[in-house]
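Letter by letter, the chains look like this.
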Amino acid sequence: MKKISSIVALSVLILLGSCEKFLDEQPLVDPALSQFYKNKYDIDAAMAGMYNAFQSQMVRSGESGNSGNVTENALYWGEYRSDNFDRDIVYPKEDFNQIIENSILPSNDFADWTGLYSVIGRANMLIKYIPQAASLDGQLTEGIQKSYLAQCYGIRAISYFYIIRVWKNAPIWTEPFEDLKQDPERPQESQQKIIDEVIIPDLENAYSLIVKGERPVVYNISEGAICAIMADVYMWKKDYPNAIKWIQNLFKAKSPTNTTYLGVDGSNLQATASWKSIFTSPATSKEAIWSLHWDWEKNGCACMQTSWSPNNKNIVIDEDIFASWFAVQTSTTPSPDIRPKQTADVYPVTNNKRNRFLKWYPTAANPTAADPWPLTNEQVPVYFTMYRLADIYLLYAEALNGSNDLPNALKYLNFVRVRAGLPAYESTDPLVSGKEAMEDAILNERQKELFGEGKRWFDLMRTGKVKEVMDPIMIRRQAGNIDQPGFVDPENRQYWPISRNVLNANKKLSQNSGYTD
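All of these numbers come straight from a predicted model, not from anything done at the bench. By convention here, each chain's residues receive numbers from 1 onward along its written sequence. Totals for whole chains, interfaces and linings use every residue, but because this is a predicted model, local features are given only for residues with pLDDT of at least 70 and side-chain atom pairs only at 80 or more, for both listing and counting. The side-chain numbers reported here are obtained from all heavy atoms of the structure, hydrogens and water having been left aside.

### Structural notes on the overall build of the protein
Next up, step 1: A run of H or I in DSSP counts as a helix once it spans at least four residues, and a run of E counts as a strand once it spans at least two, with each numbered from the N terminus. Of the regular secondary structure elements, the protein holds 19 helices and four strands.
Next up, step 2: Residues classed as buried in the protein amount to 62% of the 517 residues present.
Next up, step 3: Working definition of accessibility: Shrake-Rupley area with a 1.4 Å probe, residue cover restricted to the visible protein chains. When the accessible area of the protein is evaluated, it comes to approximately 18800 Å², of which 50% is carbon and sulfur surface. Classification of residues uses two cut-offs on accessible area relative to the type maximum, computed with a 1.4 Å probe and protein chains only: under 20% is buried, over 50% is exposed, and between them is partly exposed.

### Digging into the packing of aromatic side chains
Next up, step 1: Aromatic rings from Phe, Tyr and Trp, taking only the six-membered ring of Trp, are treated as a pair when their centres fall within 6.5 Å; an angle between ring planes under 30 degrees marks them as stacked, one over 60 as edge-to-face, and anything in between as tilted. This model, assessed by the stated rule, comprises 36 aromatic pairs.
Next up, step 2: Geometrically, the ring pair formed by Trp77 and Trp167 is edge-to-face, given 5.4 Å between the ring centres and 70° between the ring planes. In this pair, Trp77 sits in helix α2 (residues 73–78) while Trp167 sits in the loop between α5 (142–166) and α6 (191–209), placing the two residues 90 residues apart along the sequence.
Next up, step 3: A positively charged side chain is recorded as over a ring if its NZ (Lys) or CZ (Arg) lies within 6 Å of the ring centre. The angle to the ring normal must also be within 35 degrees. Here Arg165 stacks its cationic end above the ring of Phe161, 3.8 Å away from the centre of that ring.
Next up, step 4: The aromatic ring of Phe458 is capped on one face by Arg165, whose charged end is 4.1 Å from the ring centroid.

### Concerning the pattern of salt bridges
Next up, step 1: A side-chain nitrogen of Lys or Arg and a carboxyl oxygen of Asp or Glu constitute a salt bridge if their distance falls within 4 Å. Tallying each qualifying case throughout the model produces 36 salt bridges.
Next up, step 2: The salt bridge partner of Arg339 is Glu449, with a shortest N-O separation of 2.8 Å. Residue Arg339 is located in helix α12 (residues 339–343), and its partner Glu449 is located in helix α15 (residues 435–449); the two are separated by 110 residues in the primary sequence. Here Arg339 matches Glu449 in class, with each residue buried.
Next up, step 3: With a closest N to O distance of 3.1 Å, Asp471 and Lys467 form a salt bridge. Highlighted residues: Asp471 and Lys467, both in helix α17 (residues 466–478), separated by four residues, approximately one helical turn.
Next up, step 4: A residue is classified by how much of its surface remains accessible, and Lys467, at 40% relative accessible area, is partly exposed.

### A closer look at the side chain of Asp112
Next up, step 1: Along the chain, Asp112 turns up in the loop between α3 (94–100) and α4 (114–136).
Next up, step 2: Between N or O atoms, a polar contact is any pair within 3.5 Å; within protein, one atom must be a potential hydrogen donor and the other a potential acceptor, and residues adjacent in sequence are included only when both atoms are from side chains. Side chain to side chain, Asp112 and Thr114 meet in a polar contact 2.5 Å long.

### Comments concerning unusual backbone geometry
Next up, step 1: The residue Asn102 is not glycine, and still its phi comes out positive at about 60°.
Next up, step 2: Within the fold, Asn102 resides in the loop between α3 and α4.
Next up, step 3: In this model, Asn258 sits at a positive phi of 70°, which is unusual for a non-glycine residue.
Next up, step 4: Within the secondary structure layout, Asn258 lies in the loop between α8 (240–251) and α9 (277–280).

### Focus: α4
Note: α-helices contain 3.6 residues per turn, so residues at a spacing of three or four share the same orientation.
Next up, step 1: Helix length check: α4, at 23 residues, gives a terminal C-alpha distance of 33 Å against a target of 33 Å (1.5 Å per residue), a fit within 8%.
Next up, step 2: Most pronounced at Tyr129, the bend in α4 amounts to some 40°, and the proline Pro131 follows within four residues.
Next up, step 3: Among the 23 residues that make up α4, 18 are buried, leaving the element largely enclosed by the rest of the structure. How far a helix is expected to stretch is found by multiplying one less than its residue total by 1.5 Å. Two axes enter the definition of the bend at a residue: one is fitted to the seven residues ending there, the other to the seven starting there, and the bend is the angle between them.

### A look at helix α11 (residues 319–326)
Next up, step 1: Buried within α11 are the following residues: Ile321, Phe322, Trp325 and Phe326. One face of α11 carries all of its buried residues, which in axial projection span an arc of 105°.
Next up, step 2: Buried-residue contacts for α11 involve β3 (315–317), α12 and α15.
Next up, step 3: For α11, the capping residue at the N-terminal end is Asp318, with a side-chain oxygen 3.0 Å from the backbone nitrogen of Asp320. The arc under discussion is defined with respect to the helix axis, by the directions toward the C-beta atoms. Here, residues are in contact when the closest pair of their heavy atoms is within 4.5 Å.

### Remarks on the side chain of Gln270
Next up, step 1: As for its placement among the helices and strands, Gln270 is situated in the loop between α8 and α9.
Next up, step 2: Looking at Gln270, its side chain comes within polar contact range of the side chain of Ser277, at 3.3 Å.
Next up, step 3: Within the local environment of Gln270, its side chain forms a polar contact with the backbone nitrogen of Lys286, the two atoms lying 3.3 Å apart.
Next up, step 4: Residues in contact with Gln270, not counting those within four places in the same chain, are Trp275, Ser277, Ile278, Ser285, Lys286, Glu287 and Arg419.

Have a look at this one:
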């Protein structure tokens, strides 16, 4: 936790274009705090730094990234451990092998939460100093102050939400670290306390401050994004009434196209023919809620290991879902589902099987064997999707099912299926007959609709299905490598170990159960 002191070095001002609204701001270099946060220019720069720091934690290329190449934490934390992806045995990577074999060590680069605390530190500084700057600069109107503060509370909340889902318990910092005499070490607080005393109050504050019914910038925390995060938090708590309440609040908000989400039928989703535009052009998508901005000229290649290059992969699509969902599209009787061919190349060339992930790129929707990799340019942005309406529809279906409203759960599940080109489930279908079957059907649809969006692992954790789903896959992956097959100790080791570097910096921390230092 001593690394938090670096937050105050004002690295918040290193701008890499994380948010469209602040792209033109220029960095300032190490001014004294007494000379900073004096005007709108200072606050805009710090806001850009906060968004950049969060973006860098989710998806980023860079020489200083984890493992010296990429961060891509959104997928390492939320998906690569799941049944969606596997290692490429031709290009093995130790950090990733640990993840897919359930043998993660505290020395694993991706077990370090320092970057998220850096984001939290930036938000803490802004929450404290925006009022000061506003008192000195009339350009920071009351409306701008509220908007900026809402975004800061939202970013702090989502950062803590990642922390409690990845590591469970953690220290709480809700004030700036400004004095080196201040004790940088704090013990862990419980996951429940962080949710109830930090995340939910922050999101309530954000919602009270944000202007309702305003057309959002899709790359910023907005009214819809706040509601989506809050619904996700309550789903994690299995508090279905409150999840339903916040999803209904989201339906009142506006999309980037200035249309209300409404949530009454499937017409509020992006049209089938333009499904891919959700990812390649979120600012023009009526389904988008919150996406991360990317500018390759400032940030470099968004070199996600699942994509951008046709070879030299550490990560590939897991063979089971590739065979059952992707490769079947090459058969004489392919599924009408439009998503597999737009998510990955189902016609991989020799030696590159299962590693051509296309979802984030404006490639041909249906690549052929003669045209297996339309993308050759690294200078393509990746607008990583944090939340979109199909995600929320399926969460809504899950919450309704959890509240014993199976007819409406089926309705929202079918909205997503029909948009994908699949037939709607009938209520008499055994796959959706009964509460447990309905939950499985919703999770199955989420796996496919949200493939590559960093959701699958958290879905398995939230619904208590880690061991059920992952045991047979882990046994296959672990064959010949460790003595005990299957998902070892799922009650504890579904969370990550705390990085050894973090433990060394903060002696008040203790390692998560199930791991040794």
